[in-house]
Amino acid sequence: MYFKKIAIAIVLIGLIGAGIFSYFIYSVMLVPNTNFNSKEAYIFVASNATFAEVRSDLEPLLKDIESFETLAIQKKYVTNVRPGRFRITKEMTNNDIINSIRSRNLPIKVTFNNQHSLTELASRISNQIEADSTALIAAFTDLNFLNDHDFKESNALGMYLPNSYEFFWNTSATTFRNRMLKAYNRFWNVERLEKAKSIGFVPSQVMTLAAIVHEESKQASEQPRIAGVYINRLNKSWPLQADPTLKYAAYQLPAYKNKVIKRVLNIHKKIKSPYNTYMYKGLPPGLIAMPDLTAIEAVLNYERHSYFYFAADAEKPGFHRFAKTLSGHNQNAKRYQNYLNRKGIQE
């Protein structure tokens, strides 16, 4: 009888223990533990993040951070933190959350266009991935990298083709740069290389002219015609006389810091700079901005015509009037200058 009581007691203790364990498993692993009203939330875990940092980021999103930490210890997540961007959906359990932040790094869309320098590009990208602008600039201007791939700092901006790309948030600066090089090399396929060669250009020269075309007009429909004007001038050994290059040259000077040039004047044509295409013939030594893909294609597929001049169209903002002769151009230019005068735009 005594042993029977002991046996019953042991069974009861076991059942109680099993119940406690089951409750622990249920409460720690299987009970929803989110504390936000939206359908989902995201956390960003840095490459060198500690569990304490992850815990701090998660705390506002969870009802019970202690139960999460208990399971994280049990599942050894605390010593195996993974970097990346992770999604937590409403009503997730601790187990679901740990599985998500341990193995479901989500890619993001990185988008950029119309950047005017490597510095601007670095700033834009650093707002989208983990790498900061300092690391990105260092990667963009690495002389060994530039030399190995036939770039100079003056034309390196052309390697970054404006578009949307998929990256993991925790992408490093060098990984981002190297991916952009692969995209650049894919873009410059045999067909495009042949088209560049037929103009007498290498890819970097196409990009340089495309940047000017893009700064002249954002209208894809007229970019091939503008490209044709510039190529006509180059073929005749004329100076390009591209106003956007004068603006670029001016913006390098302290006197024009934080200023916006709305009207190109004769004083700008006297700026001593290799980017002054009124003063020097041929293409400038590098890109004045990041060209849009439409402008690159416009140069490669430029319109064959007899125009040598163009001026902004006052009656159709954003577009231009084209002329074959200087007298025709002067008439178009005067119309636009009168428009600027009426608007009170003097510089």
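Residues numbered from 1 in each chain as written. Predicted model: local features only at pLDDT ≥ 70, side-chain atom pairs only at ≥ 80, totals over all residues. Heavy atoms only, no water.

I'd love a proper account of the packing of helix α3 (residues 65-74) against helix α4 (residues 94-103), names of residues and values included.
At a minimum axis separation of 10 Å, α3 and α4 run at an interaxial angle of 60°. Taken as axis vectors, α3 and α4 run oblique relative to one another. With respect to the hand of their crossing, α3 and α4 are arranged in right-handed fashion. Together, Ser67, Phe68, Leu71 and Ala72 of α3 and Asn94, Asn95, Ile97, Ile98 and Ile101 of α4 make up the contact between the two elements. Among the residues making up the contact of α3 with α4, the classes are represented as six nonpolar, three polar and no charged. (Axes fitted to C-alpha atoms, helices over the stretch in contact; angles between N-to-C directions. Helix = DSSP H or I, 4+ residues; strand = E, 2+ residues; numbered from the N terminus. Parallel < 35°, antiparallel > 145°, perpendicular 65-115°, else oblique. Left-handed = near helix turned anticlockwise from the far one by under 90°. Contact = heavy atoms within 4.5 Å. Nonpolar A, V, L, I, M, F, W, Y, C, P; charged D, E, K, R; others polar.)

Quick one: what's the story with the side chain of Arg85, residue by residue and with numbers?
Checked against the element boundaries, Arg85 lands in strand β2 (residues 84-89). Of note is the side chain of Arg85, whose polar atom sits 3.1 Å from the backbone oxygen of Pro107. What Arg85 contacts, discounting residues up to four positions off in sequence, is Tyr42, Ile43, Phe44, Arg104, Asn105, Leu106, Pro107, Ile108 and Trp169. (Polar contact = N/O pair within 3.5 Å; in protein donor to acceptor, adjacent residues only side chain to side chain.)

Give me the packing of helix α11 (residues 223-235) against helix α13 (residues 293-300): which residues, what numbers.
Between α11 and α13, the least distance of the axes is 8 Å, while the angle of their chain directions is 50°. With respect to each other, α11 and α13 are oriented oblique. Crossing hand, α11 versus α13: right-handed. On the side of α11, the interface is formed by Gln223, Pro224, Ala227 and Ile231, while α13 contributes Thr294, Ala295, Ala298 and Val299. Per-class residue counts for the contact of α11 with α13 are six nonpolar, two polar and no charged.

Please provide a residue-by-residue account of unusual backbone geometry, values included.
Unusually for a residue other than glycine, Asp150 sits at a positive phi of about 60°. With a phi close to 65°, Asn258 is a non-glycine residue in the positive phi region. Within the element layout of this structure, Asn258 appears in the loop between α12 (243-251) and α13.

Mind laying out α3, listing which residues take part and the relevant values?
For α3, the complete set of buried residues consists of Ile65, Ser67, Phe68, Leu71 and Ala72. Along α3, the residues classed as buried sweep out an arc of 160° about the axis, all on the same side. The distance from a side-chain oxygen at the start of α3 to the backbone nitrogen of Glu66 is 3.1 Å, and the residue carrying that oxygen is Asp64. Residue Lys76 follows α3 closely and has a positive phi angle near 60°. (Buried < 20%, exposed > 50% of the residue type's maximum accessible area, 1.4 Å probe, protein only. Arc of directions from axis to C-beta.)

Can you lay out the packing of aromatic side chains for me, pointing to particular residues and giving the numbers?
On inspection of all chains with the given rule, the structure shows 19 aromatic pairs. Aromatic pair Phe140 and Tyr160: ring centres 4.8 Å apart, planes at 50°, arrangement tilted. Of this pair, Phe140 sits in helix α6 (residues 133-140) while Tyr160 sits in the loop between α7 (143-148) and β4 (163-168), and the two are 20 residues apart along the sequence. Neither Phe140 nor Tyr160 differs from the other in exposure class; each is buried. Judged by centre distance (4.6 Å) and plane angle (50°), the ring pair of Tyr248 and Tyr275 falls under tilted. Placement of Tyr248 in helix α12 and of Tyr275 in the loop between α12 and α13 is noted, with a sequence separation of 27 residues between them. Classification of Tyr248 as buried rests on a relative accessible area of 18%. The rings of Phe112, Phe140, Tyr160, Tyr165, Phe167 and Phe176 are connected pair by pair, giving a single aromatic cluster. (Phe/Tyr/Trp six-rings, centres within 6.5 Å; stacked < 30°, edge-to-face > 60°.)

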